[in-house]
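If you want the building blocks of each chain, they are given just below.
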Amino acid sequence: MGFFILLCLVPLLYLFTTIWKRAFTGGDKSCYILDYECHKPSDDRMISTDISGDIIMRNKNLGLNEYKFLLKAIVNSGIGEQTYGPRNVLEGREECPTLDDSLEEMDDFFNDSIEKLLKRSGVSPQEIDILVVNVSMLAVSPSLTSRIINHYKMREDIRSFNLTGMGCSASLISVDIVRNLFKANKNQYALVVTSESLTPNWYTGNDRSMILANCLFRSGGCAMLLTNKAAMRKKAMFRLNCLVRTHHGGRDEAYGCCMQRDDAEGRLGFYLGKDLPKAATRAFVDNLRVLAPKILPVTELLRFMWIRVLKRLNFGAAKKGGAGGAGGGAAIDFRTGVDHFCIHTGGKAVIDGIGTNLGLSEYDLEPARMTLHRFGNTSASSLWYVLSYMEAKKRLKKGDRVLMISFGAGFKCNSCLWEVMRDLEGNNVWKEFIHNYPVKKIVNPYLEKFGWINSEEESTFKMPESLSKK
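Our subject in this report is the structure included herewith. The shown structure was predicted, so the numbers you read here are calculated from the model rather than taken from an experiment. (Residues numbered from 1 in each chain as written. Predicted model: local features only at pLDDT ≥ 70, side-chain atom pairs only at ≥ 80, totals over all residues. Heavy atoms only, no water.)

To continue, consider helix α14 (residues 362-375). The end-to-end C-alpha separation of α14 is 19 Å, in line with the 20 Å expected for 14 residues at 1.5 Å each. Along α14, the largest kink reaches about 25° and is centred on alanine 368. For α14, the tally of buried residues reaches 12 of 14 residues, placing the bulk of the element in the interior. Of the positions making up α14, those classed as buried are Asp364, Leu365, Glu366, Pro367, Ala368, Arg369, Met370, Thr371, Leu372, His373, Arg374 and Phe375. Next to the buried residues of α14 lie β2 (46-47), β3 (83-84), β11 (340-343), α13 (348-358) and α15 (382-392). Glycine 376 lies just past α14 and shows a positive phi near 75°. (Helix = DSSP H or I, 4+ residues; strand = E, 2+ residues; numbered from the N terminus. Expected span 1.5 Å × (residues − 1). Bend = angle between axes of the 7 residues up to and from the residue. Buried < 20%, exposed > 50% of the residue type's maximum accessible area, 1.4 Å probe, protein only. Contact = heavy atoms within 4.5 Å.)

The terminal C-alpha atoms of helix α3 (residues 64-75), which comprises 12 residues, lie 16 Å apart, in line with the 16 Å expected from a rise of 1.5 Å per residue. Contacts made by the buried residues of α3 are with α2 (49-58), α8 (208-216) and α16 (445-450).

On to unusual backbone geometry. Following serine 141, the chain continues to proline 142 via a peptide bond in cis, the omega torsion being 0°. With respect to the helices and strands, the residue proline 142 is situated in the loop between β4 (130-135) and α6 (144-152). Residue phenylalanine 411 is reached from glycine 410 by a cis peptide bond, and omega for that bond is 10°. Mapped onto the fold, phenylalanine 411 is located in the loop between β12 (401-408) and β13 (412-420). A positive phi is found at lysine 394, a non-glycine position, where the angle reads about 60°. Using a relative accessible area of 44% as the deciding quantity, one classes lysine 394 as partly exposed.

Helix packing geometry: the angle between the two helix axes and the distance between the axes. The geometry of α13 relative to α14 is characterised by a closest axis approach of 10 Å and an angle of 175° between their N-to-C directions. Taken as axis vectors, α13 and α14 run roughly antiparallel relative to one another. Between α13, through Lys348, Ile351, Asp352 and Gly355, and α14, the contact on the second element is made entirely by Leu365, Ala368, Arg369 and Leu372. Of the residues belonging to the contact of α13 with α14, the class tally is 4 nonpolar, 1 polar and 3 charged. (Axes fitted to C-alpha atoms, helices over the stretch in contact; angles between N-to-C directions. Parallel < 35°, antiparallel > 145°, perpendicular 65-115°, else oblique. Nonpolar A, V, L, I, M, F, W, Y, C, P; charged D, E, K, R; others polar.)

This next bit is on the environment of threonine 281. By the secondary structure assignment, threonine 281 is in helix α10 (residues 276-295). Spatially, the C-alpha atom of threonine 281 lies 9.8 Å from that of valine 350, the residues being 69 residues apart in sequence.

Sheet faces and side chains relate simply in a regular strand, where the side chains alternate between the two faces. Relative to strand β5 (residues 159-163), β4 runs parallel, the two being bridged by 5 bridges. Looking at the pairing, asparagine 134 lines up with leucine 163 of β5. (Pairing = 2+ DSSP bridges.)

Another aspect to go through is the sheet that holds strand β8 (residues 238-247). Read across the sheet, 9 strands follow the order β5-β4-β6-β7-β1-β8-β13-β12-β11 without closing on themselves; strand pairing throughout is mixed. Edge positions in the sheet fall to β5 and β11, since each of these pairs with one other strand and no more. Across the sheet, the mean angle from the axis of one strand to that of its neighbour is 20°, orientation sign disregarded. In this sheet, strand β6 (residues 189-195) lies alongside β4 in parallel orientation, the contact comprising 6 bridges. Each residue of the ladder has a partner; that of leucine 131, found in β6, is leucine 191.

Ranked by internal contacts, the top residues of the largest apolar core, which has 47 residues, are Tyr36, Leu226, Phe238, Trp384, Leu387, Trp418 and Trp430. Here this core gets 8 residues from one element, more than from any other, and that element is α15. Filtering out sequence-adjacent residues up to four positions away, phenylalanine 238 remains in contact with Cys31, Tyr32, Ile33, Tyr36, Leu387, Leu396, Trp418, Glu419, Val420, Met421 and Leu424. With 43 residues, the next largest nonpolar core counts Ile79, Ala280, Ile332 and Ile343 among its residues. (Core = buried A, V, L, I, M, F, W, Y, C linked by side-chain atoms within 4.5 Å.)

Here the second largest pocket defines a volume of roughly 630 Å³. In terms of lining, the second largest pocket is formed by 20 residues, of which the most central are Arg289, Ala292, Phe304, Arg308 and Ile332. Listed by contribution, the elements that provide at least two residues to the lining of the second largest pocket are α10, α11 (298-313) and α13. Here the lining of the second largest pocket is built from residues that sort into 15 nonpolar, 2 polar and 3 charged. (1 Å grid on protein atoms, 1.4 Å probe; cavity = no way out; pocket = protein on both sides within 12 Å on 5 of 7 lines; lining within 4 Å. Points joined across faces, edges and corners; volume = space filled by probe spheres on them.)

Here it is as structure tokens:
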């Protein structure tokens with residue numbers, strides 16, 4: 001009898017603890033996104049099938065086996081023909097990038113997205129109190145924050161932060177910095193600028209674990225305007241409800257699974273190791289363990305906990321496939337606290353993995369899949385293209401909750417929950433072609449054009465003259 005009473009008290013204790021946390025630790029109710037602007041590079045930077053083939057054929061370090069590997073990788077990547085790359089690569093100068101090339105890539109993004117964002121919001125550069133820039137693989141002096149401050153002649157007392165090396169999860173780290181500064185400073189405007197520099201980091205060797213990055217990463221960026229001004233609440237698009245950061249850098253296998261490094265020949269590139277899926281899964285699970293009590297209804301937490309108790313006690317119902325059994329749905333249901341899932345476009349496998357683990361539908365995964373197809377993996381800015389897709393499809397209504405999930409080198413998993421503050425119209429980077437999406441059937445043109453490579457033998461392989469001359 002005493003054991004039964006104890007068993008009943010456990011859910012009540014958990015319920016009390018959850019309510020106490022929500023009531024007294026609270027959420028981030030005073031961090032709003034007023035507006036954001038995703039970058040659409042000019043059409044002359046678009047990487048079509050033909051251009052992609054030209055770039056690969058220029059690399060004299062590749063052989064037939066590498067061609068087959070690259071073909072398989074890009075066919076399975078989920079990337080389409082309208083993604084964007086850096087100009088030096090499109091012009092055939094990937095082996096000798098200059099500092100000016102790198103800065104030109106950044107300026108194209110800064111001058112487009114920041115300009116549009118500030119003009120549309122009616123906020124002048126001199127009103128910005130906080131500036132956070134995250135570009136992982138480009139560190140220059142003066143910093144990129146200083147470059148923006150100089151260009152827009154911002155105030156002398158602006159607080160600026162320049163983040164490098166944070167990987168694809170960096171934009172949520174930037175938001176976290178702003179969130180914490182907002183707690184100590186009232187009536188602030190913050191500008192967050194997130195992108196990646198591909199110009200100096202295009203790999204020209206033949207290490208398979210490093211050439212894979214060339215298939216996935218593409219140019220892009222996003223500028224966001226945030227505030228904690230109560231008077232701006234009605235104009236805001238989103239309010240931050242919570243943010244959770246998980247860092248497994250203390251584990252050697254997680255730290256080393258993806259990193260910038262030289263190959264055996266001294267060529268710089270970005271390494272993606274075999275331990276990456278395992279590291280991502282562990283970080284994801286640990287992140288969700290902290291996130292779930294913050295965003296899910298108490299009823300769902302109690303349901304999940306009760307099923308776990310039944311399983312541990314090995315009740316007959318669980319053995320027979322009842323509550324908590326194979327057919328009982330022991331997994332926690334995040335859809336009870338989330339309306340939309342904004343998933344990092346790290347690749348088709350990443351999207352599929354998150355979808356499987358969270359039990360998401362194709363409707364839930366559509367924004368991430370279509371963003372990967374249209375823009376590729378734009379590193380830390382990819383989340384905002386996914387969010388833009390939802391907005392362009394008019395999915396986001398007042399009161400909806402949007403969960404962002406991102407992964408990055410280190411190894412990190414960061415997540416946050418946004419609340420939609422008003423019905424959103426979708427006048428953004430997708431507006432000119434959103435009517436073409438979702439693509440019903442993704443036909444991969446790379447396989448159609450280069451599929452013949454798979455039937456070649458290394459001993460007799462010779463590049464067709466029409467391709468070798470390009």
